[in-house]
Structures are given as structure tokens and as C-alpha cells.
Amino acid sequence: ARLLDDPCGAELESFGIDHADVSAELLRGWKLPEDIVEPIRHHHRPHLLTGGEKVRQERAELLRFAGQLVQLDAVAQRPELLGGLLATARERFNLTQPALVEFLQRVAPKVEAFAGVLNQDIGQCPDFAAILAAGAAELVNLTVATSRDRLSGTIRAARTPTTPPPSAARTLSLSAAATSLPADVELPEFRPEFVENLPPGGCRLGGYELVDLLGRGAMGVVFKAFEPSLQRHVAVKVLAPALATSEGARQRFPREARVAAAIQHENAVTVYAVRESCGMTYLAMEYVRGSCLEGRIEQHGPMPVLLHVTTARQIAAGLAAAHAKGIVHRDVKPANILIEDDTGRVKLTDFGLARVMDDAKITTDGALIGTPFYMAPEVVQGEPATPASDLFSLGGVLYVMATGKVPFAGQTVAAVFNAVCSTEPVPPRQLRPNLPNWLDELILRLLNKNPARRFADAGSVAEMLARSAG
């Protein structure tokens, strides 16, 4: 507790010097100006700069605020510290709690990337300065924008970035320049072999220009594409070659895609069209510029509690929207959950399409319908998938988000299935003691082997998460 309340004081008592003084003297030796050195020296005690220049005190306050954000999980265990943090966000930076969450969703990956750099040899990290700049940019923009708004008398509920990151700028410039090729340049028509090897310049499939491969899985291959008629990027999904030879899969693919198109929700990827061209059935859907939850966890590990709760609420809300339309996802897993780069918004994809694999009869040689780590025990035992089985899968996803580990592990598929059906998961709090009790209980309830003992529906899960986050 002392390290959170007054880390410099604790260090002075133990070592006779604190890290802030060490850092400040090091920077002073590098001839940095006092307007930078002194805020760093006093970043745990900004009040000591009261009599000095205002800019130094403001910078010290910002550094203290950033330090508390980095230790958010620990701060959240102390109601008085969390209250102070939220008050600072609201009063000093005009950030309501939802705006602070949105801010953290954008900044957290940059901070985590920077933290990883600190554990490397600088000589092996040529992009050190770039990562530092990316991690600090949001905080700099926050203070500059806040100061400008205060001078103009403007009060903002949330901050909208005025300059997109480089990757976003590239995407916007492509769209603005009409990425469709000139009329005198002819793209080749799509051929089946392009699923495995897309030509360097892309190809044409119906009314879309396939420009890049986004990913491939057991069920399908997804391309980034451009739709000239509407001047927008889309994602185009075609059946995987292993499924394209199945008549049942080919027939079910468009049916399931049309059903999924009925879901209109901010936390679900929108299906725009289901079409056939060049002998290939495909669907066009919303292009999400971002990454999947699976990659995010693999790269950064368990999620901070506040981000975990916000992300979990959005996943549950997307599932609730599908269930309201009578659609069971059947394959809820981190790889089917996308996170937008710019907004942090969560979007579920591949609703109901796991049923296509059912018709392909892929049940041998280790290939399975669904993902074993997240399958509900009743589905493993051969019962039909239901909204309740989706909730079990949701529990598995939330478990991984909280701990970085799957709830039911095994070296073989049979071992995983046995664990899913006959063993209880290690409570998340045993692996991560700072996890709130209520979140631990919510995850374990979702993972109950009896479907009737899970939540009544996904909407109830989303509501509980929203109440706890608010």
C-alpha cells in the first residue's frame, strides 16, 4: 500500500534515495531543460511544485496520472485511490469514466509495447524512439487539447483523436484516392487457385477487387477487397478448398451467411452481401481495421481489469444481439473476436458459419467442428448448440482474457474433451489474485457444466458487466 500511496517516500526510508531523483539527475546530466527534469523529479509529489512555474506542475500531475493508469489493477483494489484517479480524469482532463475507458483501449497496447521494450537491450531495439513516441503521443495530445479547450471555455465529454496513427492515415489516403485501379488496367478474374496464391496485383471477384490476404482458417479464406461502386474497403470470405468440394457445405454457406446478415449491432461484424461469381460462393462483410483478441492476448498477456470488463461487456452484447435473432454462434473464441484499432470497439464475426463445417462431415484426423478449448460439455457429448452453449464458450474466452490460460487444457483433443466434461477449472483468482471476486464468480458461473446454472441469457451478462464497470 505504501508503494502506491507514496513510492518515493518508501524508497527514501529504505535506500536513502528515490527513483525520481535518480531519473532527474540522469536527465540533467544529459543537459535536458529543467522544465522536463523537475516534473520528473516530482511526478509522485506534484504539490511540491506549487510555488514554481505552472507548466512544471501540470507536467508532474500528468506523469502521476499516467503512473496510476499503469498500475490500474492495483489502484482499483483501493477505493480511495480509484476515486481519486477518476476525479483527476474528470476534473483535470475532462474525461468521464466511459471516455477514460475508451482512452485506455487506445493507449494500453502502446504502453504495453513500450514496457516490453524496456526489458530489451536498447542496442537490439532500433525502434525504441518510435515506440516511446507512440506511447507518449496520446498523453501529450490529451494535455494540449485540454489546455486549448480550457482557454476557449469548451468542455468535452470525450476526446476524439484529430490525427490518425500512420497506419490509419495510409488507409484513409487509399480510400480518398479511390483505390480502384484505372479503367485501362484489367485485373484477372478470380480462379480457384487464387485461394492459395493471390496474384501480386490482386484479382476481380464479382464487383470486388481482392487486394490482400487477411487470413485463412479451417472454414474459409478472407481477403481485403475494394468495392469501387461504393468506394469502400470490405472483407470478402470464400469457402476453404477443403469445404468447397462438399455439396452440403456449398449449399449451407450462403444460407447461414444470409441469416447472419440479419444481425445489425455495433458489436457484430455486418454482412453486406452473399453472392456467387466465377463458380465461387462468397460473402462480403464489414472490413475491421484492427486485430483479433487471440493475437492481442498472445502479444500482451492477460488484460487489465477495466479493459477486460469493457471488452467482455461488448462480446456479451454482440452475442445477445445474435441470440435475439435466433442465431447461435457455435464457435465463440478469441480468434472470432475483432478489436478496432482506432476505437477499441469489439466485434464478433463468423456467426453461425460453423454449421457449414457440419455438412462437410469433417470429423476425422483431428479436424473438429468448433474449437475444443471453448466447446460446452453438452456439445462435446453430441447435443445441439444453443445460446447456453455460447455462454459457456464466452466464459472460456473471459477466462483466457483474465489469466492468459485456457480453462481446460490437455495435450490431446481427447484430454481436452475429458477436462471440459469432467473437471472444474482453476478459479481465475488463484491465477490472478487481484481479480475482483465478482468477476471471478461471473466467469465460473458461465463455465458451469449445467446449462441451467449459467446466466439466463447473454443480455444478463452484458448488463452485469455494465453495472460493475460503471
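Residues numbered from 1 in each chain as written. Predicted model: local features only at pLDDT ≥ 70, side-chain atom pairs only at ≥ 80, totals over all residues. Heavy atoms only, no water.

## Quick look at the overall build of the chain
And then number 1: The number of helices and strands found in the chain is 21 helices and nine strands.
And then number 2: Residues counted as buried form 45% of the 470 residues belonging to the chain.
And then number 3: For the chain, the share of sequence-separated contacts (at least 6 apart) that also reach a separation of at least 24 residues comes to 58%. (Helix = DSSP H or I, 4+ residues; strand = E, 2+ residues; numbered from the N terminus. Buried < 20%, exposed > 50% of the residue type's maximum accessible area, 1.4 Å probe, protein only. Contact = heavy atoms within 4.5 Å.)

## Brief notes about empty space enclosed by the protein
And then number 1: Evaluation of the coordinates by the stated rule reveals one cavity of 30 Å³ or more.
And then number 2: As a volume, the largest cavity reaches approximately 80 Å³.
And then number 3: If you go around the largest cavity, you meet 11 residues; those closest to its centre are Ala260, Val271, Thr349, Asp350 and Phe351.
And then number 4: At the level of secondary structure, the elements contributing two or more residues to the lining of the largest cavity comprise α12 (247-260) and β6 (280-286). (1 Å grid on protein atoms, 1.4 Å probe; cavity = no way out; pocket = protein on both sides within 12 Å on 5 of 7 lines; lining within 4 Å. Points joined across faces, edges and corners; volume = space filled by probe spheres on them.)

## Here's the deal with the pattern of salt bridges
And then number 1: If you walk through the whole model with that rule in mind, you get 13 salt bridges.
And then number 2: The salt bridge involving Glu91 is made with Arg90; its shortest N-O contact spans 3.9 Å.
And then number 3: A relative accessible area of 56% places Glu91 in the exposed class.
And then number 4: Counted as one network, the salt bridges with shared partners bring together Glu266, Glu340 and Arg345. (Salt bridge = Lys/Arg side-chain N within 4 Å of Asp/Glu carboxyl O.)

## Digging into the packing of aromatic side chains
And then number 1: With the rule as written, the count across this model stands at three aromatic pairs.
And then number 2: Between Phe190 and Phe194 the ring centres are 6.2 Å apart and the planes differ by 90°, which places this aromatic pair in the edge-to-face class.
And then number 3: By relative accessible area, Phe194 is classed as buried at 6%.
And then number 4: With 6.0 Å between their ring centres and 10° between their planes, Phe392 and Phe408 make a pair best called stacked. Linking Phe392 in helix α17 (residues 387-403) with Phe408 in the loop between α17 and α18 (413-422), this pair joins segments that are 16 residues apart in sequence. With respect to class, Phe392 is no different from Phe408; both count as buried.
And then number 5: Here Arg232 stacks its cationic end above the ring of Tyr272, 3.9 Å away from the centre of that ring.
And then number 6: Looking at Arg445, its charged tip hangs above the ring of Phe455, at a distance of 3.9 Å from the centre. (Phe/Tyr/Trp six-rings, centres within 6.5 Å; stacked < 30°, edge-to-face > 60°. Lys NZ or Arg CZ within 6 Å of the ring centre and 35° of its normal.)

## Quick notes on the confidence of the model for the chain
And then number 1: Mean pLDDT for the chain: 76, with 67% of residues reaching 70 or above.
And then number 2: Below a pLDDT of 50 lies the segment residues 356-369, which in the model reaches 31 contacts outside its immediate sequence neighbourhood of four places, other chains included. (pLDDT = per-residue confidence, 0-100.)

## What to know about the environment of Lys237
And then number 1: Tracing the backbone through its elements, the reader meets Lys237 in strand β4 (residues 232-239).
And then number 2: The exposure class assigned to Lys237 is buried, which follows from its relative accessible area of 5%.
And then number 3: When the C-alpha atoms of Lys237 and Leu283 are compared, they prove to be 5.4 Å apart, with 46 residues separating the residues in sequence.
And then number 4: Not counting chain neighbours up to four residues away, the residues in contact with Lys237 comprise Met219, Gly220, Val221, Val222, Phe253, Thr281, Tyr282, Leu283, Met285 and Asp350.
And then number 5: Side chain to side chain, Lys237 and Asp350 meet in a polar contact 2.7 Å long. (Polar contact = N/O pair within 3.5 Å; in protein donor to acceptor, adjacent residues only side chain to side chain.)

## With respect to unusual backbone geometry
And then number 1: In this model, Gln231 sits at a positive phi of 50°, which is unusual for a non-glycine residue.
And then number 2: Looking at the secondary structure, you find Gln231 in the loop between β3 (220-227) and β4.
And then number 3: Residue Gln231 is classed as partly exposed on the basis of its relative accessible area, which comes to 38%.
And then number 4: Unlike most non-glycine residues, Arg330 shows phi in positive territory, near 80°.

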